[in-house]
There are 2 protein chains.
Amino acid sequence: MNKRAVIRVLGFLLGVTSIGLLAPALVSALYRDGDGWSFLATAAIGAALGGLLWRLGSSAREIHVREGFAVVTLGWLTVGLLGGLPAWFSGQIPCFTDAVFESISGFTTTGASILADIESRSHGLLFWRSLTHWFGGMGIVLLALAILPLLGVGGMQLFRAEVPGPLHERLTPRISQTAKLLWGVYVLLTVLEAAALRLAGMSLFDAICHAFATMATGGFSTRNASVGAYANPAIHWIIIVFMFLAGTNFTLHYLALRGKLRAYKRDDEFRFYLSVIAIAFVLISLPLVLQQVYPTLEQAARHGLFQTVSIMTTTGFVTADYLLWPPVAHAVLLVLMAVGGCAGSTGGGIKVVRLLILFKAAKSELQKLLHPRAVTTLWFNGRAVPAQLATNVLGFLLLFMLIYIAGIVVLTLSGHDLLSAVGATAATLGNIGPGLGSVGPVENYAHFLGWEKWLLMFFMVVGRLELYTVLVLFLPEAWRRT
Amino acid sequence: MNKRAVIRVLGFLLGVTSIGLLAPALVSALYRDGDGWSFLATAAIGAALGGLLWRLGSSAREIHVREGFAVVTLGWLTVGLLGGLPAWFSGQIPCFTDAVFESISGFTTTGASILADIESRSHGLLFWRSLTHWFGGMGIVLLALAILPLLGVGGMQLFRAEVPGPLHERLTPRISQTAKLLWGVYVLLTVLEAAALRLAGMSLFDAICHAFATMATGGFSTRNASVGAYANPAIHWIIIVFMFLAGTNFTLHYLALRGKLRAYKRDDEFRFYLSVIAIAFVLISLPLVLQQVYPTLEQAARHGLFQTVSIMTTTGFVTADYLLWPPVAHAVLLVLMAVGGCAGSTGGGIKVVRLLILFKAAKSELQKLLHPRAVTTLWFNGRAVPAQLATNVLGFLLLFMLIYIAGIVVLTLSGHDLLSAVGATAATLGNIGPGLGSVGPVENYAHFLGWEKWLLMFFMVVGRLELYTVLVLFLPEAWRRT
């Protein structure tokens, strides 16, 4: 591993974050909430530390696979730690662990919060929380569509035809090109959503914050009751639409903007994504209607669909306490927590494409039993899936389950009940935010012990970076000199 | 599909079951419980129906793969239906669905019961319940080690070197040879256990019934409190040992009896099986010790190990109400419910070998990330695992999860709480018996609705026959004429 090259990139990331910190400082100044200094102080620390690392490091002509893993994982951690400082400095979140928890939860677009009373926090901090989501989402788009395919990780190998070339190719030129295009889409959708929310009656501040959190599939709200605080159904419907878009592969949006609207229809993953949402929606909303949980059909449909799309895309906004709904909602939402968004979206979880591969494998196995000599090929978007991809998916699934199980075991050992342990692990590993039991939609993560919070932060980072990226660093070989 | 060949085999199976029904008739006569006539009547019906099917069907010179699937699935169903008649005839279980539930639960070695008061039933019925386990276990040994490998299903493809030859080879000669050897082991272990239990103070009747239920990893007891009814710790330890042996691949026992004791040590799956039990034991028993749930260390260790081995091997005997234990026990036992026994044992579940393949795949994927050009091969017992096996395992896992999820969704839709729905699905699909929530170790399945019981029976059969065997019959192609 070329450690000095990694250090330099980390320095660069700290520098960029410092610039980003000027935005909440400006918001604090505008609202005169007195927190501006904490952002400026953090920006100064970030800039100083970033500059130091930049000088200590050295530029590498090529960044190889190992360095890529280290940069991605350590980058998310470093920026996450820095992002927690303002709330700690200003005393808005007096406990250091809690402040970092909120920041890591932001940058990983999880949206799990330790705050019971959100509305009493300063405008600067609320803006910064939403902005960490938005930066995190931007990082994920870059990661999923430009970096991970080159590292051979993620569900995106299937789309590799668009990102060709051998693994050791220099990363830089292609990344910046891909990044620009996709960030354009990301910015455009964010602006559209903020405008729509403003038109529907939200304040400009709230509209921007919620647009940030939606497009990143984050879930931090500026209100205690999350999106449920807004009575206008139009706001719910707008957020449903944009959560859905944020959970879709951004390449498809890019193609659609270039006039290729058929890209959606032709994409196997998108169709599967749509089907899962449709089925889950029916399973959740039908009992709501039948048991007359809501007075009107529109309300049952809206709240059912909102929670379905919010959990499936791993956003985590809520308009209703789904723990009070019939038990089938708990079951379906728990499943959706694991599924997650499409590959190449800002959504977390296992990703729809991996489940689709699983489906196709299962179907092909059944048919192979009847025709043992037939050669079966899995097809995805009209292309044959390489056999090794099945092993990759298998390995991912096992790692996911192992971490999931480990989380549940450790949290129950520590005394949490089974449902809360399952909920907290699923909600952090899947980057969702709200879970089940004691971390349900109207609860928060404040009651966890300090070390448990660090464990949950680890889950957020591991889940966000598609497991392999982080776990590979635990292999001693990864750190050997090349 | 050669339907007439299938019909003839089903006739044969009914005939064999009729002969088996003479045993409980004899027990009824010995104990003068007045139920003997119901077994004889059922035997007569089975013999008549069997004879009819035998005549209607025709012998096939060769049984092909398709017929194999149909025989296995329909065989378990037909025999299960017949086996429910005695309890229904005698009025011991007045409801037909309940009587069949108990029988299917027996033949699939699940051990889920609808009986609240077991001890008040006749000796004949109690003996028949245990005997259905033992027959079912015998069928499973035959199925797993002789039939499924030839059909290309199950975790046993890895052991195929011992069962060579192309798929369309005539099944008969090899099956009978393999069956004789393994049934020898099965009978021997049953006799040994019954003798040990008798020596430890059980009545001969109870000793035989519990030996039947242990070796089949069934779990029906003759006592309301299951094995917990026996105060002598020796009885608990004896059953722990034999449950462990019943969850092991029977081929290993056969090799050990022929002097090759090293076979255990050399078997990757066996070592993994041992490790999982060891880890689960520590995770469950340590909190029992620390929280002083039991007065002595021996008791904490014994009850912890008993429940661990019982659930892991999918037996389902209990000596304690584990729902009253610390939450970590619920989490660990829920995981063990999915794992199950070794391939080629009488245990159900996903099977240890499949998880081992998953583990190896995950590890190889992590290493591939660092060495993208290296050719990675998965090794099992010193042999390279064919690449297509990974797809097979992947498909199995997805089908398992899909049925699991479907079960939870349907049961919660019907109004059961999440934990009970998870518990009931896991316990029937994994052929365990007791689950969580309302189907915990001191509860039973009587409170489920009629159609829910049939659904659970379907899960038992699907889980028992390794999913593919049953599900392949839902493909229209399976029924096409050849």
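Colleague: Help me out: how do you make sense of the nonpolar core in this one?
Modeller: Across soluble globular proteins, you tend to see nonpolar side chains buried next to one another. By size, the foremost hydrophobic cluster in this structure holds 316 residues, and its most contacted members are I239, Y445 and L467 of chain A together with I239, Y445 and L467 of chain B. For I239 of chain B, the residues in contact, after removing those within four places along its chain, are E193, L197, M202, T214, V227, F306 and F317 of chain B.

Colleague: How do you make sense of the interface of chain B and chain A when you look at a structure like this?
Modeller: Where the parts come together, the accessible area they lose is often given as the size of the interface. Facing 59 residues of chain B, the contacting portion of chain A comprises 59 residues. The contact between chain B and chain A buries some 5000 Å² in all, and 81% of this surface belongs to carbon and sulfur atoms. On the chain B side of the contact with chain A, L369, L370 and L394 of chain B bury the most area, a combined 14% of that side's loss. At the junction of chain B and chain A, the tally comes to 0 salt bridges.

Colleague: I would appreciate a short explanation of helix α14 (residues 327-339) of chain A in the present structure.
Modeller: A turn of α-helix holds 3.6 residues, and therefore any two residues three or four places apart point the same way. Residues and elements named next belong to chain A. When the terminal C-alpha atoms of α14 are compared, their 19 Å separation across 13 residues agrees well with the 18 Å that a helix rising 1.5 Å per residue should span. Extensive coverage of α14 is indicated by the burial of 10 of its 13 residues. For α14, the full list of buried residues reads V328, A329, H330, A331, V332, L333, L334, L336, M337 and V339. Count one or two residues on from α14 and you reach G340, which has phi positive near 80 degrees.

Colleague: Which parts of the structure should I look at to understand the packing of aromatic side chains?
Modeller: For any pair of aromatic rings, the description rests on two quantities: the centre-to-centre distance and the angle between the ring planes. Evaluation of the coordinates by the stated rule reveals 47 aromatic pairs over all chains. Ring plane angle 70 degrees and centroid distance 5.8 Å describe the contact between F244 of chain A and F270 of chain A, whose orientation is recorded as edge-to-face. Residue F244 of chain A is located in helix α9 (residues 233-246), and its partner F270 of chain A is located in helix α12 (residues 268-290); the two are separated by 26 residues in the primary sequence. A relative accessible area of 11% places F270 of chain A in the buried class. Arranged with centres 6.2 Å apart and planes meeting at 50 degrees, the rings of F270 of chain B and Y273 of chain B form a pair that is tilted. Taken together, the residues span about one helical turn, with F270 of chain B and Y273 of chain B both in helix α12 (residues 268-290) at a distance of 3 residues. Overall, the relative accessible area of 0% leaves Y273 of chain B in the buried class. For the cation-ring pair, R8 of chain B lies above W54 of chain B, with the distance from its terminal atom to the ring centre recorded as 4.2 Å.

Colleague: In this structure, what is going on with the relation of the copies chain B and chain A? I would like to understand it.
Modeller: Look at the two chain copies: a rotation about an axis and a shift along it is all it takes to match them. With an RMSD of 0.0 Å, the fit of chain B onto chain A corresponds to turning through 180 degrees and sliding 0.0 Å along the axis. Within this description, the copies of the chain are treated as partners about a two-fold rotation axis. Taking the C-alpha atom as reference, chain B places L394 of chain B closest to the rotation axis, 3.0 Å from it. Looking at chain B, 100% of its interface residues are interface residues in chain A too, so the copies touch through the same face.

Colleague: When you look at the packing of helix α13 (residues 297-312) of chain A against α14 of chain A in this model, what are you seeing that I'm missing?
Modeller: Between two packed helices, both the angle of their axes relative to each other and the distance between the axes serve to describe the pair. Residues and elements named next belong to chain A. Taken N-terminus to C-terminus, the directions of α13 and α14 make an angle of 35 degrees; their axes are 8 Å apart at the nearest point. From α13, Q307, T308, I311 and M312 reach across to α14, where they touch L333, L336, M337 and V339. Its residues assigned to classes, the contact of α13 with α14 shows 6 nonpolar, 2 polar and no charged.

Colleague: Can you help me understand the pattern of salt bridges in this one?
Modeller: In a structure, side chains of opposite charge can pair up when their charged atoms sit close to one another. Following the criterion strictly, the structure yields 18 salt bridges over all chains and no others. Ionic pairing is found between D268 of chain B and R271 of chain B, a salt bridge with its closest N-O pair at 2.8 Å. You can see D268 of chain B and its partner R271 of chain B sitting in helix α12, 3 residues apart, about one turn around the helix. For R302 of chain B, the salt bridge is made with E298 of chain B, and the minimal N-O distance between the two is 2.8 Å. One end of the pair, R302 of chain B, and the other, E298 of chain B, are both in helix α13 (residues 297-312), 4 residues apart, so they sit about a helical turn from each other. What emerges from the salt-bridge pattern is a single network uniting E119, D206 and R223 of chain A.

Colleague: Please clarify how a nonpolar patch on the surface should be interpreted in this entry.
Modeller: Taken together, I45, L49, L52 and L56 of chain A make up a surface patch of nonpolar side chains, about 350 Å² in accessible area. Looking at where L56 of chain A falls in the secondary structure, it is placed in helix α3 (residues 36-56).

Colleague: Can you help me understand unusual backbone geometry in this one?
Modeller: What is expected of a backbone is that most residues other than glycine have negative phi and most peptide bonds are trans. One non-glycine residue, N431 of chain A, adopts positive backbone phi at about 60 degrees. Within the element layout of this structure, N431 of chain A appears in the loop between α17 (418-429) and α18 (450-464). Phi at K351 of chain B is positive, roughly 90 degrees, even though this residue is not glycine. Its location among the elements puts K351 of chain B in the loop between α14 (327-339) and α15 (352-370).

About the thresholds
Residues numbered from 1 in each chain as written. Chains lettered and ligands numbered in written order. Predicted model: local features only at pLDDT ≥ 70, side-chain atom pairs only at ≥ 80, totals over all residues. Heavy atoms only, no water. Core = buried A, V, L, I, M, F, W, Y, C linked by side-chain atoms within 4.5 Å. Buried < 20%, exposed > 50% of the residue type's maximum accessible area, 1.4 Å probe, protein only. Contact = heavy atoms within 4.5 Å. Buried area = accessible area lost by both parts, 1.4 Å probe. Salt bridge = Lys/Arg side-chain N within 4 Å of Asp/Glu carboxyl O. Helix = DSSP H or I, 4+ residues; strand = E, 2+ residues; numbered from the N terminus. Expected span 1.5 Å × (residues − 1). Phe/Tyr/Trp six-rings, centres within 6.5 Å; stacked < 30°, edge-to-face > 60°. Lys NZ or Arg CZ within 6 Å of the ring centre and 35° of its normal. Least-squares fit on C-alpha atoms with pLDDT ≥ 70 in both. Axes fitted to C-alpha atoms, helices over the stretch in contact; angles between N-to-C directions. Nonpolar A, V, L, I, M, F, W, Y, C, P; charged D, E, K, R; others polar. Patch = residues over 30% accessible without salt bridge, like charges linked within 9 Å, V, L, I, M, F, W, Y side chains within 5 Å. Areas by Shrake-Rupley, 256 points an atom, 1.4 Å probe, with all protein chains shown as cover.

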